[in-house]
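# Chains, contacts and geometry: an overview
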Amino acid sequence: MSDIYESMALISQAVKSDMPLGEAIRISVSDVRDRSNRGLLRLADLLDEGMEPLQAAKRAGLPKRLVEQLETAFGSGDFADYFEELTLAERARQEAWRVFSLLAFYPLLLGFSVALLAFLGLLILPQFERIFTDFDENLPLMTLLVFRVGHALQQPIVWICTPLLVLLLIVMQRWFFPTFWYYIPIVGRIFRTQAMQKLLRQIAVSLRRRLPLDESLKIAAGSFSHRAYRQECLHAAAMAAAGTTFSSLIVRFPLLFPRWLVPFVEVGGRKDALPHTLFQAQKIL
């Protein structure tokens, strides 16, 4: 975990102990050489000057993601609980990225090796082709295929179109398949589970404060930087405001909730223990 979120974890514990945020920041931040920690200290100064918390968070020079999380916590009406939950969620997200980095190392290394071989092929293949052509023999099919690939790589149109095609695929993925990365094998499962845990914790905190489900989903939407998740939360909030039950929302939004949660939510709702049910559910995801 980076220094900024180590500091956040300490600050969240201090705030949970009813310590003012400015004081909690000062006793929790140790390494002032870190730029983000200096931003937190700047936030503490602005709060001491009487600046409104949301405005202070924006002017403190903090990372954008942390500003969004602070805004969500300030806007929730229960800063201490929300700040702690967002800190836990960020720690889980960073752990997911660590796992992703380990899983992606080999594919990236393989891709680099292929690119290096292709570049070397452009330099070496023409020389070998001239040697084999001088033999005046029928060459094996595989050798001819290698030479044809080399010819293709020597065409400028290939080097122009390939980056454009990659850029087009990236744009299409962002606008038409924004949840693509959440459904790829292994890694997608990790990110999807982490997002579900974060959402269930935040909804549980809101329901514990007797907020309605639609407002709980709206507050949770503000903590997601991923466009698809934010839109899904807002859509679910609109349906909840229109009278859709929580169980129906779980079935309707598989990106947000696991299907197996339905019977637990129905039992928890009847026993007035829904927040506790959601807290337990996120632990077993």
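Everything here concerns the structure above.
Residues numbered from 1 in each chain as written. Predicted model: local features only at pLDDT ≥ 70, side-chain atom pairs only at ≥ 80, totals over all residues. Heavy atoms only, no water.

### Observations concerning the side chain of serine 28
Mapped onto the fold, serine 28 is located in helix H2 (residues 21–28). Judged by its relative accessible area of 9%, serine 28 falls in the buried class. Not counting residues within four places of it along the chain, the set of residues in contact with serine 28 comprises Ser7, Leu10, Ile11 and Ala14. (Helix = DSSP H or I, 4+ residues; strand = E, 2+ residues; numbered from the N terminus. Buried < 20%, exposed > 50% of the residue type's maximum accessible area, 1.4 Å probe, protein only. Contact = heavy atoms within 4.5 Å.)

### Here's the deal with the environment of arginine 91
Tracing the backbone through its elements, the reader meets arginine 91 in helix H6 (residues 79–134). You can call arginine 91 partly exposed: its relative accessible area is 40%. Expressed as a C-alpha distance, the spacing of arginine 91 and glutamate 6, which sit 85 residues apart in the sequence, is 8.8 Å.

### Some details on the environment of methionine 196
Turning to its location among the elements, methionine 196 is positioned in helix H9 (residues 187–208). With a relative accessible area of 4%, methionine 196 lands in the buried category. For the pair methionine 196 and leucine 285, spaced 89 residues apart in the sequence, the C-alpha separation amounts to 8.1 Å. Those residues in contact with methionine 196 that sit more than four places away from it in its chain are Pro254, Leu255, Leu256, Phe257, Pro258 and Leu285.

Taken by themselves, the reported measurements are silent on function.
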